[in-house]
Amino acid sequence: MTDLVPTETELTALDAAIDHALALHDGSPVFTAAVVADGRLLGPVANEVDKTGDPTRHAEIVAIARAAQDLGTTNLAGATLVASMQPCEMCLTAMRWAGISRLVFAMTRERAPAFFRFHGLTIEDFARAADTPFAWAGGLAAVRLAHIYESP
């Protein structure tokens, strides 16, 4: 975790994303995300991979796309991505392409490594390699989602 201190709006958005994941949970993992822009919560939305058959429709990608559509711009600078799970490398890249520089998430890669493919690449490595800095706070309220993401 960096030194990011989430705002009350970001924490409210994280609670909404977690609540959405818990409501949709049917025994298999469910991932949710939202974007906070201009003090507004855009989302939460869920992963659409199974629904669409598109392996790129992670919740974070869906949330970013919907926020861009709702705001009428692909430049989401000043926005925050909020997610029930630490975003994967693809989602971190999409976040940065959209100009998002704040990230708040619940479950961490350390607690649920099975959902990541590039085990040698950490969020810290990704942040160092990014052309502009971004800050994150993770592991917030992860205990609420442990039964969904952690292996028994």
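For the structure, see preceding data.
In what follows, the accompanying structure is described. Small disclaimer: the values here were computed from a predicted structure and weren't measured.

1. What to know about the packing of aromatic side chains
1) Next: Applying the stated criterion to the full structure yields five aromatic pairs.
2) Next: Measuring from centroid to centroid gives 5.2 Å for phenylalanine 31 and phenylalanine 115, while their planes differ by 80°, and the two rings are edge-to-face. Of this pair, phenylalanine 31 sits in the loop between helix 1 (8-24) and strand 1 (32-37) while phenylalanine 115 sits in the loop between strand 4 (102-107) and helix 5 (123-129), placing them 84 residues apart in sequence.
3) Next: Assessed through its relative accessible area of 18%, phenylalanine 31 is described here as buried.
4) Next: For phenylalanine 115, a relative accessible area of 28% corresponds to the partly exposed category.
5) Next: The structure contains a cluster of three or more aromatic residues connected by ring pairs, namely Phe31, Phe115 and Tyr149.
6) Next: When the ring centre of phenylalanine 116 is taken as origin, the NZ or CZ atom of arginine 109, which lies over that ring, is 5.8 Å away.

2. Focus on the layout of surface pockets
1) Next: Of the voids in this model, the largest pocket is the one considered here, and its volume is about 560 Å³.
2) Next: Lining the largest pocket we find 22 residues, and of these Pro29, Val30, Phe31, Asn47 and Val49 sit closest to its centre.
3) Next: Every element with two or more residues in the lining of the largest pocket is listed here: helix 2 (49-52) and helix 3 (59-71).
4) Next: At three residues, helix 2 tops the list of elements feeding residues into the lining of the largest pocket.

Conventions and cut-offs
- Residues numbered from 1 in each chain as written.
- Predicted model: local features only at pLDDT ≥ 70, side-chain atom pairs only at ≥ 80, totals over all residues.
- Heavy atoms only, no water.
- Phe/Tyr/Trp six-rings, centres within 6.5 Å; stacked < 30°, edge-to-face > 60°.
- Helix = DSSP H or I, 4+ residues; strand = E, 2+ residues; numbered from the N terminus.
- Buried < 20%, exposed > 50% of the residue type's maximum accessible area, 1.4 Å probe, protein only.
- Lys NZ or Arg CZ within 6 Å of the ring centre and 35° of its normal.
- 1 Å grid on protein atoms, 1.4 Å probe; cavity = no way out; pocket = protein on both sides within 12 Å on 5 of 7 lines; lining within 4 Å.
- Points joined across faces, edges and corners; volume = space filled by probe spheres on them.

Purely geometric numbers; function is a separate question.
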